[in-house]
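# Remarks on the overall topology
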Amino acid sequence: MPTVLITGASRGLGLEFARQYHQDGWKVIATARNLENADKLNSFKDKFDIREMDVTDQSHIDRVKCEFQEEKIDVLINNAAIHGPHDKRSSFGNIDILEWSSVIMTNTIAPLKVTEAFFDNIKQSIQKKIVFISSRSASITERGTLPHHKPGGPYIYRSSKAALNAITQSLSYDLTRQGFSIIVLHPGFVKTEMAIGETELDVSTSVAGMKKIISESTPNDNSLFRTFEGEKVSW
């Protein structure tokens, strides 16, 4: 039975990843920052291995790592993320440094630290896949070229995911020859608690698409940034 570890699994994409992988017969280790506020996730306690893990707290990461020291993890999905301010605090001229630091810690630094912590678990597995949920809004090349683009924020969120993308490219360079698949995905504008605005894309469709890409990915794909539908996105 293959094993998947998912961060940020209390709701939205993370919870749907956990649900679909369990449905496929995988062992699911689902983590969330605060289990007291994770009623949806806790309702699956008989199906998933659920653990509290704030990805910005090294002691939390270390505790979960210690508990699953001998577990071979085929797929690690770095999904936990925050958007930060949706108001002027994320726009040029009013950037809130504390908010920016918080988003960078969660979206950029934490995924790398989680990957470091569980690296040996992944290395011992058959599939050796490390997944990063990014965002098309992080594309430097595409900024200002798409019909829906408008001037202004969110500088904070975009920069955090662009920095994450840079990290994934470094990991691809370092780990491809060791047989690791480094998978960077844009889930689409999904109808989740984080989304602001109208969208018809549901989490089940997005996750099903991303799972297909994950299952088919090999180290030869490590230089790619793709949408949930498989479209290649420019860095």
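Residues numbered from 1 in each chain as written. Predicted model: local features only at pLDDT ≥ 70, side-chain atom pairs only at ≥ 80, totals over all residues. Heavy atoms only, no water.

## Looking at the packing of helix α3 (residues 58–67) against helix α4 (residues 97–117)
Where α3 meets α4, the closest approach of the two axes is 10 Å, and the angle between their N-to-C directions is 30 degrees. Between α3 and α4, the interaxial angle falls into the category roughly parallel. At the point where α3 passes α4, the crossing takes the right-handed sense. Taking contact as the criterion, the partners of Gln58, Ile61 and Lys65 in α3 are, on α4, Lys113, Val114 and Ala117. Grouping the amino acids of the contact of α3 with α4 by side-chain chemistry returns 3 nonpolar, 1 polar and 2 charged. (Axes fitted to C-alpha atoms, helices over the stretch in contact; angles between N-to-C directions. Helix = DSSP H or I, 4+ residues; strand = E, 2+ residues; numbered from the N terminus. Parallel < 35°, antiparallel > 145°, perpendicular 65-115°, else oblique. Left-handed = near helix turned anticlockwise from the far one by under 90°. Contact = heavy atoms within 4.5 Å. Nonpolar A, V, L, I, M, F, W, Y, C, P; charged D, E, K, R; others polar.)

## What to know about the pairing of strand β2 (residues 27–32)
Summarising burial for β2: 5 of the 6 residues are buried, a large majority. Relative to β2, strand β1 (residues 3–6) runs parallel, the two being bridged by 4 bridges. Pairing of Leu5 across the sheet is with Ile29, part of β2. Pairing between β2 and strand β3 (residues 49–52): 4 bridges, direction parallel. Among the inter-strand pairings, Thr31 is bridged to a residue of β3, identified as Arg51. (Buried < 20%, exposed > 50% of the residue type's maximum accessible area, 1.4 Å probe, protein only. Pairing = 2+ DSSP bridges.)

## Re the sheet that holds strand β5 (residues 129–133)
Consider a sheet: its strands pair through backbone hydrogen bonds, and that pairing is either parallel or antiparallel. If you walk across this open sheet you meet the 7 strands as β3-β2-β1-β4-β5-β6-β7, and the pairing is parallel. Edge positions in the open sheet fall to β3 and β7 (225–227), since each of these has one partner strand only. Each strand of the sheet is rotated relative to its neighbour by a mean of 20 degrees, with strand direction disregarded. Sitting on the sheet, helix α7 (residues 203–216) is in contact with β4 (75–78), β5, β6 (181–186) and β7, with an inclination near 150 degrees to β5.

So yeah, pure geometry; function would need other evidence.
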